[in-house]
Amino acid sequence: APWIFGVLADLAGTNTAIWVGVSISFFAALVNAPLLTYKELRPTIKEESLSKCVLPGEDEEFIERFLDGDFLSPEDVSAIYNINRQRMMHGKPMLVPNVKK
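Values in this document were obtained by computation on a predicted structure and should not be read as measured data.

K.L.:
How should the overall build of the protein be read in this particular structure?
P.N.:
Secondary structure assignment for the protein yields four helices and zero strands. Computed over the C-alpha atoms, the radius of gyration of the protein is 28 Å, more than 25% above the 13 Å expected from 2.2 N^0.38 for a compact globule of 101 residues. Out of the 101 residues belonging to the protein, those deemed buried represent 18%. Put simply, the protein shows about 8500 Å² of open surface, and 64% of that area lies on carbon and sulfur atoms. Looking at the protein, you have 10 positive and 13 negative side-chain charges, and the mean spots of the two groups are 4 Å apart.

Take a look at the structure:
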């Protein structure tokens, strides 16, 4: 608790309180270091979402162009609508493009 350091600083001095805090921090790091070996506590690898992937049977070049945020003609927008509709009918996520600045 912070008030304990305040009392320690009043009784023993500020430098002593600082070194006690640093020592406690190092001790806590040493106590928690074995947790680094647990696989469950490591960051997870995020898999690419299906809304950013080309599914089998889809035009890879066209979908990649759409996902990159490139300009689409009205015919292309209609094709994307149809692809998203087919995906929706099969229970797959719809395509979501990356928005460029």
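K.L.:
Looking at this structure, I do not really get the side chain of Arg87. What am I missing?
P.N.:
Relative to the elements of secondary structure, Arg87 occurs in helix H4 (residues 74–89). Of the residues examined, Arg87 reaches a relative accessible area of 2% and is grouped as buried. When residues no more than four places from it in sequence are discounted, the contact partners of Arg87 are Leu50, Ser51, Cys53, Val54, Leu55, Glu58, Lys92, Pro93, Met94 and Leu95.

K.L.:
Just to check I follow, could you spell out the confidence of the model for the protein for this structure?
P.N.:
The predicted structure's coordinates, where accompanied by low pLDDT, should not be read in detail. The predicted model of the protein has a mean per-residue pLDDT of 85, with 99% of residues at 70 or higher. By mean pLDDT, helix H3 (residues 60–67) is the weakest element of the protein at 82, and helix H2 (residues 14–32) is the strongest at 94.

K.L.:
Sorry, what's going on with the packing of H3 against H4 here?
P.N.:
Each pair of packed helices can be summarised by the angle the axes make with each other and by the distance between the axes. It is at 12 Å that the axes of H3 and H4 come closest, and there the two elements cross at 105°. Taken together, the axes of H3 and H4 are roughly perpendicular relative to one another. Note on element contacts: H4 touches H3 through Asp76, Ala79, Ile80 and Ile83, opposite Phe62, Ile63, Arg65 and Phe66. Residues that form the contact of H3 with H4 fall into these classes: six nonpolar, no polar and two charged.

K.L.:
Can you help me understand the packing of helix H1 (residues 2–12) against H2 in this one?
P.N.:
Packing of H1 against H2 leaves a shortest axis separation of 7 Å and a crossing angle of 135°. Classified by the angle between their axes, H1 and H2 sit oblique to one another. The handedness of the crossing between H1 and H2 comes out as right-handed. Residues Phe5, Leu8, Ala9 and Ala12 of H1 lie in contact with H2, whose contacting residues are Thr14, Thr16, Ala17, Val20, Gly21 and Ile24. Across the contact of H1 with H2, the residue classes break down as seven nonpolar, three polar and no charged.

Scoring rules and cut-offs
- Residues numbered from 1 in each chain as written.
- Predicted model: local features only at pLDDT ≥ 70, side-chain atom pairs only at ≥ 80, totals over all residues.
- Heavy atoms only, no water.
- Helix = DSSP H or I, 4+ residues; strand = E, 2+ residues; numbered from the N terminus.
- Rg over C-alpha atoms; globule rule 2.2 N^0.38 Å.
- Buried < 20%, exposed > 50% of the residue type's maximum accessible area, 1.4 Å probe, protein only.
- Areas by Shrake-Rupley, 256 points an atom, 1.4 Å probe, with all protein chains shown as cover.
- Lys, Arg positive; Asp, Glu negative; His and termini not counted.
- Charge placed at Lys NZ, Arg CZ, Asp CG, Glu CD.
- Contact = heavy atoms within 4.5 Å.
- pLDDT = per-residue confidence, 0-100.
- Axes fitted to C-alpha atoms, helices over the stretch in contact; angles between N-to-C directions.
- Parallel < 35°, antiparallel > 145°, perpendicular 65-115°, else oblique.
- Nonpolar A, V, L, I, M, F, W, Y, C, P; charged D, E, K, R; others polar.
- Left-handed = near helix turned anticlockwise from the far one by under 90°.

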